[in-house]
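Single-letter residue listing:
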Amino acid sequence: MTLGENLQSLRREAGLSQEEVAQRLFVSRQSVSKWELNQAEPGVEYLKALAELYGVTLDRLAGMPLPPPQPEPIPEEAPDPEESGISLYRILFGVRTVMVALENVLFTLPRGSLNFPIDWIAMLVGLFVRKQALWWVTEVCLWINLAMGAVNLFIDPVKGAFGLIQAGGYLYAFSRRKLKAYFHMPLSE
């Protein structure tokens, strides 16, 4: 499509006569007619004015083919810390369960009993109840385990070291943003 044909088409789409276009651009109707018949070309200022009048870009006004529409990129959603906290918490609970079983096999079963620590029970409940209070209960239990591990260092160094390492690791995990989000704790920036 030539520039003139495009100008004529855009004018008709806008519902304007050559006279109306001429009045708005302060030129003669004959000038508009010559532009549309490809007998003359409008200057750069008139091209800009025509593009504005018809509500199109200069490329569209000049009849340049439009690029094919590009699909809009799908914005990546930021991962929800609460959702990623669920899988982290399940892994943490699984590791704690293995540690409880290991403690029972190494230290408790030889004495003829079983031990289910209160922090493990709190973590078990945490799989179903995701409240701030439960986070605090588990956190306090872990601090108590840390203190008990320190005391046990003097009584049974292996068991004490085992307890200290575990409690420290779980306390670190519970301080993570993902786990706090899992329990609906306020997240500080």
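In short, a report on the structure.

Cut-offs applied
Residues numbered from 1 in each chain as written. Predicted model: local features only at pLDDT ≥ 70, side-chain atom pairs only at ≥ 80, totals over all residues. Heavy atoms only, no water. Helix = DSSP H or I, 4+ residues; strand = E, 2+ residues; numbered from the N terminus. Rg over C-alpha atoms; globule rule 2.2 N^0.38 Å. Salt bridge = Lys/Arg side-chain N within 4 Å of Asp/Glu carboxyl O. Buried < 20%, exposed > 50% of the residue type's maximum accessible area, 1.4 Å probe, protein only. Core = buried A, V, L, I, M, F, W, Y, C linked by side-chain atoms within 4.5 Å. Contact = heavy atoms within 4.5 Å. Expected span 1.5 Å × (residues − 1). Arc of directions from axis to C-beta. Phe/Tyr/Trp six-rings, centres within 6.5 Å; stacked < 30°, edge-to-face > 60°. Axes fitted to C-alpha atoms, helices over the stretch in contact; angles between N-to-C directions. Parallel < 35°, antiparallel > 145°, perpendicular 65-115°, else oblique. Left-handed = near helix turned anticlockwise from the far one by under 90°. Nonpolar A, V, L, I, M, F, W, Y, C, P; charged D, E, K, R; others polar.

## Concerning the overall build of the protein chain
Counting its regular elements, the protein chain contains 10 helices and zero strands. Traced from its N-terminal end to its C-terminal end, the protein chain shows the element sequence α-α-α-α-α-α-α-α-α-α. Radius of gyration (C-alpha) of the protein chain: 38 Å, far over the 16 Å computed for a compact globule of 189 residues. Once the C-alpha set of the protein chain is aligned to its principal axes, its extents read approximately 110 × 25 × 25 Å.

## Observations concerning the pattern of salt bridges
Applying the stated criterion to the full structure yields five salt bridges. For Glu-36, the salt bridge goes to Arg-11, with nearest N and O atoms at 2.5 Å. Remark: Arg-11 occurs in helix 1 (residues 3-14) and Glu-36 occurs in helix 3 (residues 29-36); sequence separation between them is 25 residues. The exposure class of Arg-11 is buried, given its relative accessible area of 7%. Taken together, the shared-partner salt bridges connect Arg-96, Glu-103 and Asp-119 into one network.

## Some details on the nonpolar core
Ranked by internal contacts, the top residues of the largest apolar core, which has 19 residues, are Tyr-89, Leu-92, Met-123, Phe-174, Leu-179 and Phe-183. Broken down by secondary-structure element, the contributors of at least two residues to this core are helix 6 (81-108), helix 7 (118-126), helix 8 (132-155), helix 9 (157-174) and helix 10 (177-182). A total of five residues in this core trace back to one element, the largest contributor, which is helix 6. Not counting residues within four places of it along the chain, the set of residues in contact with Leu-92 comprises Met-123, Tyr-170, Ala-173, Phe-174 and Leu-179. Judged by nonpolar contacts, the second largest core, of 14 residues, contains Leu-7, Leu-25, Leu-50 and Tyr-54.

## Points about helix 9
If you check helix 9, its first and last C-alpha atoms are 25 Å apart, about what 18 residues at 1.5 Å a residue would give, namely 26 Å. Every buried residue of helix 9 is accounted for by Gly-160, Phe-162, Gly-163, Gln-166, Ala-167, Tyr-170, Leu-171, Ala-173 and Phe-174. Relative to the axis of helix 9, the buried residues are bounded by an arc of 165° and lie together on one face. With respect to the buried face of helix 9, the exposed residues turned more than 90 degrees away are Val-158, Ile-165 and Tyr-172.

## Looking at the packing of aromatic side chains
Taken as a whole, this structure holds nine aromatic pairs when the rule is applied. Between Tyr-89 and Phe-183, the ring centres sit 5.3 Å apart and the planes meet at 85°, which makes this aromatic pair edge-to-face. Placement of the pair is Tyr-89 in helix 6 and Phe-183 in the segment after helix 10, with a sequence separation of 94 residues. Across the pair, Phe-183 and Tyr-89 agree in class, each one buried.

## Details of the packing of helix 8 against helix 9
At a minimum axis distance of 7 Å, the contact between helix 8 and helix 9 shows a crossing angle of 155°. One element, helix 8, and the other, helix 9, form an angle in the roughly antiparallel class. The chirality of how helix 8 crosses helix 9 is left-handed. Where helix 8 abuts helix 9, its residues Trp-135, Thr-138, Glu-139, Leu-142, Trp-143, Asn-145, Leu-146, Gly-149, Ala-150, Asn-152, Leu-153 and Ile-155 lie against Pro-157, Lys-159, Gly-160, Ala-161, Leu-164, Ala-167, Gly-168, Tyr-170, Leu-171 and Phe-174. Taken together, the residues of the contact of helix 8 with helix 9 break down into 14 nonpolar, six polar and two charged.

## Description of unusual backbone geometry
The backbone phi angle of Phe-26 is positive, close to 60°, even though this residue is not glycine. On the secondary structure map, Phe-26 appears in the loop between helix 2 (18-25) and helix 3. Looking at Phe-26, the relative accessible area reads 74%, which means it is exposed. Although it is not a glycine, His-184 adopts a positive phi angle of roughly 60°. With respect to the secondary-structure elements, His-184 resides in the segment after helix 10.

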